[in-house]
Amino acid sequence: MAAVPEPTLARAAELRATLHHHAHRYYVLDDPGIPDAEYDRLFQELQALENEHPELRTPDSPTQRVGGAPLPQFTPVRHAVPMLSIRTETDTEASGALNFDARIRRELGLSDADAPVQYVAEPKFDGLALSLRYAHGVLVQAATRGDGEVGEDVTQNIRTVPQVPLKLQGVDFAVLEVRGEVYMRRDAFDKLNASQRARGDKVFINPRNAAAGAVRQLDPAIAAQRPLSFFAYGLGEVTPASEGGPAFPTHLAMLHTLKTWGFPVSALVQACDGATDLVAYHAHIGQLRDSLPFDIDGVVYKVNRVALQRQLGFVSREPRWAVAHKYPAQEQLTTVLAIEVQVGRTGKLTPVAKLAPVFVGGVTVTNATLHNEDEARRKDVRVGDTVIVRRAGDVIPEVVAVLPEKRLQDAQLFTMPRQCPVCGSDAVREDLNGESSADYRCTGGLFCSAQRKEAILHFAQRRAVEIEGLGDKLVEQLVDANTVRTLPDLYRLGLTALASLDRMADKSAQNLLAALEKSKQTTLPRFLFGLGIRHVGEATAKALARHFGTLDAVMGATLDQLLEVNDVGPVVAQSLRTFFDQPHNREVVEQLRDCGVHWPEQPPDDSTPKPLAGLTFVITGTLPTLGRDDAKARIEAAGGKVSGAVSKKTSYLLAGEAAGSKLDKARELGVAVIDEDTLKGLLA
Ligand code: IVH
């Protein structure tokens, strides 16, 4: 046999050491240093080298072990039946399922003429494998997987998991080991991290990591505060049928029985006939992935008939009858090329990490928000750093952690600029009621072109005066060319100025002019909202318009008068006063009116009675005569508020035909439910 070349030997040794290091951090310390996808890549590289040169396969190679050694603080538990791992199809396309089916058929000696093999497909939950041991139906031990042979006794912590039954009804076998995954739901994870952050404690990278930390907490009281969930998916040691134990002909039958015994079994488990169904399942769950309440990293296919599972048997530590089929990883490594500071409409400065492009969660990511200075400091992200980026669902990509060992020596601590990067005005960390906020703001106001662009887009949006066709590319050009400096400049645009812009055909220029003309006829609430006064959203703009009737009355109102408006508190009132006290803002308003922006007068209705003042309504279902918008308008005209969701603060749920979950919720919370006639009674 040819000797293994020196560089290959060295690479294998390096991979073994790196994988050992990271496996220890992942399995033993619950503190992963690199994303799973990166670990898998290194693992596969070593596997490939070992396949090519079997003499490299040392007994201590990470490829020959499952998981990590147990922590010395926990009592070791030797598993009566080893806890296996499953082969992974890394090919995330349909071929993963096709390969598995082809392999099973070959190993079972089936020809194309034979019927499809029956499988069970399940989500691959991203948590920790757990073995629950019951003696005569009573939970006596919970153990982690450890290295597959020996795990850790975590019974005390697992007893605090509500979904793990402590006593089984009608089960009296001497031994029953149920295996499954303990995991943390995403909502529980977010809550946990929020409170960790508030206390200045370590935040967890992902729900799996948080679950691992909770399961292996030395203090069960702390474990109990970290809400965990459980799904059952298999069995370990069980009293044999010959001695009165259960016998299951299929995996599915076993899962059904586990459910009747009180174990949570995922509703996403599905019987599949042959490869076609597996492919469809993989695609279907892939679509659901982001909206599930918990993380999954793939799906698992299992041969359904137990007799066939036996026939297929095992290779080393993996059953031949099961396979994991992964989805694109939601965490990847990349490097930080730069940290830029962006300026929002209200002048808020947001640090954004510019990343070397990386494919994560199904898309190529090049930016990740760092939110604010505190957040950027807490994570201590620096230019040149190697970082873990996470993108799950539609949530904006995030830097979850920095790899300190990869930091360049001269990497500089990030500091927020004290000047706006766009206009050079001072950037200040503002005080909110005496407390310093996390945000820096550019003080340049509309002098700052970044704020100007955002202010124009805000004014032009559909919910404000609506200027159709005025998008961000166009605004960018108009502001950069200094053609538009203030909102009224929009209405001074002529055909020549517009047609000279990049990619602006005559026709589009005419359309834009028509849209501008159309936008001049608006309503007072839309106009007020469009001005982009801080803290003045659509609802507040409506309330102001209703209360004061005219723009001049709003502009002239004192703080006290503003505070009389339903829904206007001290922060909003102050913000309005500050805005209208600035001469240049009053100027903008005057000029807009001079340009022809107008709205129908509406009489102030502070004289009209407000029978519904202080009441909050939610509308659901189809009402007999009133449209939803009508009902809303009438409630608001009578001083009431309409909100979208039922809560304890809801005064009445106005319910019509085919009311759904909101009605259930109202009943649950004891919120009064009324019909259209009753509403009319209240209005009279
Ligand atoms: S079955 C003999 N089913 O994936 C087969 N495992 O490497 C034993 N996992 O550590 C495992 N969801 O923690 C199985 N529906 C599922 C699973 C699942 C997640 C995990 C399990 C194990 C790893 C397999």
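Scroll up to find the structure this text is about.
Predicted model only: the values in this text are computed from it and were never measured.

Analysis parameters
- Note that residues are indexed from 1 along each chain, following the sequence as it is written.
- For this predicted model, a pLDDT threshold of at least 70 governs which residues receive local features, and a threshold of 80 or more governs which side-chain atom pairs are given and counted, while totals over whole chains, interfaces and linings are taken from all residues.
- Just so you know, side-chain values use all the structure's heavy atoms and leave hydrogens and water out.
- Two strands are counted as paired when DSSP detects at least two bridges linking them.
- Note on conventions: DSSP H or I runs of at least 4 residues are helices, E runs of at least 2 residues are strands, and numbering of each starts at the N terminus.
- As a rule, the C-alpha atoms of each element are fitted with a line to give its axis, helices using only the stretch in contact, and angles between N-to-C directions run from 0 to 180 degrees.
- In this description, contact between two residues means that some pair of their heavy atoms is separated by no more than 4.5 Å.
- Put simply, a residue is near a molecule or strand once any heavy atom of it comes within 4 Å of that molecule or strand.
- For this analysis, a polar contact is any N or O atom pair within 3.5 Å, provided that within protein one partner can donate a hydrogen and the other can accept it, and provided that sequence-adjacent residues contribute only side-chain to side-chain pairs.
- Calculation of accessible area relied on Shrake-Rupley with a 1.4 Å probe; when residues are assessed, cover is drawn exclusively from the protein chains displayed.
- A pairing counts as a salt bridge when a side-chain nitrogen of Lys or Arg comes within 4 Å of a carboxyl oxygen of Asp or Glu.
- Each residue gets one of three labels from its accessible area relative to the maximum for its type: buried under 20%, exposed over 50%, partly exposed in between, using a 1.4 Å probe on protein chains only.

Novice: Run through the sheet that holds strand E24 (residues 672-674), naming residues and quoting values.
Specialist: Within the open sheet, the 4 strands sit side by side as E22-E21-E23-E24. Their pairing is parallel. This sheet does not close on itself; its edge strands, each paired only once, are strand E22 (641-643) and E24. When strand polarity is set aside, the average angle formed by the axes of neighbouring strands in this sheet is 35 degrees. Across 3 bridges, strand E23 (residues 652-655) lies against E24 in parallel orientation. The residue bridging Tyr 652 from the neighbouring strand is Ala 672, located in E24. Packing against the sheet, helix H23 (residues 628-637) makes contact with strand E21 (616-620), E22 and E23, and its axis sits at approximately 170 degrees to E21. Strands in contact with helix H24 (residues 661-669) are E21, E23 and E24; relative to E23, the strand with the most contacts, it is inclined by about 150 degrees.

Novice: Go over the site of the ligand with me, naming the residues and quoting the values.
Specialist: What surrounds the ligand is a group of 13 residues, the closest being Ile 86, Glu 122, Glu 181, Tyr 233 and Lys 302. Within the contact set of the ligand, an oxygen atom lies 3.3 Å away from a side-chain nitrogen or oxygen of Arg 145. Between Tyr 233 and the ligand, the recorded distance is 3.1 Å, taken from a side-chain N or O atom to an oxygen atom. Considered on its own, the ligand offers 520 Å² of accessible surface; in the complex 88% of this is hidden by protein.

Novice: Any chance you could break down the pattern of salt bridges for me, citing the residues and the numbers?
Specialist: Applying the stated criterion across every chain, the model contains 44 salt bridges. Of the charged contacts, one joins Arg 317 and Glu 149 as a salt bridge, the two residues approaching to 3.8 Å between their closest N and O atoms. Placement of the pair is Arg 317 in the loop between strand E11 (314-315) and strand E12 (318-319) and Glu 149 in the loop between strand E5 (138-144) and strand E6 (150-152), with a sequence separation of 168 residues. Overall, the relative accessible area of 26% leaves Arg 317 in the partly exposed class. Between Glu 538 and Arg 463 there is a salt bridge, with its nearest N and O atoms 2.8 Å apart. Here Glu 538, found in helix H18 (residues 538-548), pairs with Arg 463, found in the loop between helix H12 (449-460) and helix H13 (472-480); they are 75 residues apart in sequence, far enough to count as distant. When its relative accessible area of 33% is taken as the criterion, Glu 538 is described as partly exposed. For Arg 463, a relative accessible area of 46% translates into the label partly exposed. Ionic contacts of the salt-bridge type, sharing partners, join the residues Glu 373, Asp 374, Arg 377, Arg 418 and Arg 429 into one network.

Functional significance is not addressed by these values, which are geometric in nature.
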